[in-house]
Amino acid sequence: FQGGFTMNNLLMEVENEIAVVTINRPKSLNALNSETLAELDQCFSEISRRKDIRVVILTGSGEKSFVAGADISEMVNASPAEGRQMGLLAKEAFLKLETMPQVTIAAVNGYALGGGCEISMACDIRVAAENARFAQPETGLGILPGFGGTQRLSRLVGKGRAKELIFTCDQIDAEEAYRIGLANKVVPQTELIDYCKKMAAKIMSKGSYAISLAKEAINTGMDTDLSSGLTLEADLFGLAFSTEDKKEGMTAFLEKRKADLKDF
Ligand code: CAA
């Protein structure tokens, strides 16, 4: 696993502490089957252990689709138990993605439908190419979102908008996704990965350990009451005072020079 690797349905390349993970099933527009979910799970476990990776960019192969959803040809004959198993597999893999200490950016290079929208929402930040399209089309297939859509979409864009998107199956473009807060930025398709790498470089110039603590405070805080969230924040704030980065960051400010932050 040193450096990058190739799996049946995934590629990972690591350069300058940035891992680019590409879901690679172009013939089915990068739809997620069980094998791909299992590979993503393995890949996310591996990344969260790696000290040489500070930002992860998740994208799909080709110029048309990020991920066109769960694999319908696999689901068509699946039993209720198999459907539930797929949902639980995605739950575990996407939770690893959501809670890994590294910063994760979804580079949405086209269709992000169903499970595609759902995996993008487990990333910290979504950058959409101008041709990106988001939707939760599941109710039109007689099912409901099963890889986190009913939970993460409402947390990101609010209950009313999440219900509208899930009940109508409407496809929205990148600008509309930006307007409702589903996409953080919209950039031309040709500039998508470069833009994400520039954002990654900016993030990596800050304290990586401090960012991982902030991520934990935000993620955990969103799922708890305000007082508990504030106590967690105070605890993690205190923990950050133990780091070399804190000493360097504050000393650099007082000495009027640029801080050299690196701790992870
Ligand atoms: N599963 C399996 N195969 C898929 C797929 C999917 N989700 N999406 C696309 N494909 C396959 C197509 O079957 C087609 O294969 P063939 O060439 O063998 O026929 C190939 O990818 C290319 O697709 P199209 O010919 O349909 O391409 P298009 O440009 O005409 O349309 C599209 C593109 C609008 C994305 C269309 O493919 C589409 O609507 N895909 C399905 C989207 C969808 O419903 N996703 C939700 C799945 S359910 C889900 O995700 C549940 C959950 O919550 C986890």
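Residues numbered from 1 in each chain as written. Predicted model: local features only at pLDDT ≥ 70, side-chain atom pairs only at ≥ 80, totals over all residues. Heavy atoms only, no water.

As annotated in an unreviewed UniProt entry, the protein carries the name short-chain-enoyl-CoA hydratase and comes from Anaerostipes caccae. You can read under Pathway (unreviewed entry) in the UniProt record for the protein the words "Lipid metabolism; butanoate metabolism." On record in UniProt, under Subunit (unreviewed entry), the comment for the protein is "Homotetramer." (UniProt positions renumbered as here; feature names shortened; annotations may be inferred.)

1. Digging into a nonpolar patch on the surface
A cluster of nonpolar side chains, Ile 72, Leu 141 and Ile 143, forms an exposed patch at the surface whose accessible area comes to about 270 Å². Within the secondary structure, Leu 141 sits in the loop between strand S9 (133–135) and helix H5 (149–157). (Patch = residues over 30% accessible without salt bridge, like charges linked within 9 Å, V, L, I, M, F, W, Y side chains within 5 Å. Areas by Shrake-Rupley, 256 points an atom, 1.4 Å probe, with all protein chains shown as cover. Salt bridge = Lys/Arg side-chain N within 4 Å of Asp/Glu carboxyl O. Helix = DSSP H or I, 4+ residues; strand = E, 2+ residues; numbered from the N terminus.)

2. Quick look at the site of the ligand
The local shell around the ligand holds 23 residues, among which Lys 64, Ala 70, Glu 118, Glu 138 and Gly 146 are the closest. Measuring from an oxygen atom of the ligand, one finds a side-chain N or O atom of Glu 118 at 2.8 Å. A total of 970 Å² of accessible area belongs to the ligand in isolation, and the protein chains cover 62% of it. Put simply, the parts of the chain that give the shell around the ligand at least two residues each are helix H2 (72–75), strand S7 (111–113) and helix H4 (115–121). Grouping the amino acids of the shell around the ligand by side-chain chemistry returns 13 nonpolar, 5 polar and 5 charged. (Near = heavy atom within 4 Å. Polar contact = N/O pair within 3.5 Å; in protein donor to acceptor, adjacent residues only side chain to side chain. Nonpolar A, V, L, I, M, F, W, Y, C, P; charged D, E, K, R; others polar.)

3. A few points about the sheet that holds strand S5 (residues 65–67)
Reading across the sheet, the 4 strands line up as S5-S7-S9-S10 and stay open at both edges, with mixed pairing between neighbours. Each having just a single partner strand, S5 and strand S10 (172–173) make up the two edges of the open sheet. (Pairing = 2+ DSSP bridges.)

4. Some points on H5
Three or four residues apart is the spacing at which side chains of an α-helix point the same way, because the helix has 3.6 residues per turn. If you check which residues of H5 are buried, you get Gly 149, Arg 152, Leu 153 and Val 157. All buried residues of H5 project into a common sector of 105° when viewed along the axis, lining one side. Its buried side turned inward, H5 meets helix H3 (80–99), H4 and helix H6 (159–168). Within two residues after H5, Gly 158 carries a phi angle of roughly 95°, on the positive side. (Buried < 20%, exposed > 50% of the residue type's maximum accessible area, 1.4 Å probe, protein only. Arc of directions from axis to C-beta. Contact = heavy atoms within 4.5 Å.)

5. Let's talk about the pairing of strand S8 (residues 125–129)
With 5 of its 5 residues buried, S8 lies for the most part within the structure. For strand S6 (residues 103–108) and S8, the ladder comprises 4 bridges, and the chain directions are parallel. Bridge assignment links Ala 107 to a residue of S8, and that residue is Val 127. Direction of pairing for S8 relative to strand S11 (residues 185–187): parallel, over a ladder of 3 bridges. From the neighbouring strand, Ala 128 faces S11, where its bridge partner is Val 186.

6. Here we look at the packing of aromatic side chains
Overall, the coordinates contain 2 aromatic pairs when judged by the stated rule. Aromatic pair Phe 94 and Phe 147: ring centres 5.9 Å apart, planes at 90°, arrangement edge-to-face. Residue Phe 94 is found in helix H3, and its partner Phe 147 is found in the loop between S9 and H5; the two are separated by 53 residues along the sequence. Of the two residues examined, Phe 94 and Phe 147, each falls in the buried class. Relative to Phe 241, the ring of Phe 237 lies with its centre 5.0 Å away and its plane at 70°, an arrangement referred to as edge-to-face. Overall, the relative accessible area of 56% leaves Phe 237 in the exposed class. (Phe/Tyr/Trp six-rings, centres within 6.5 Å; stacked < 30°, edge-to-face > 60°.)

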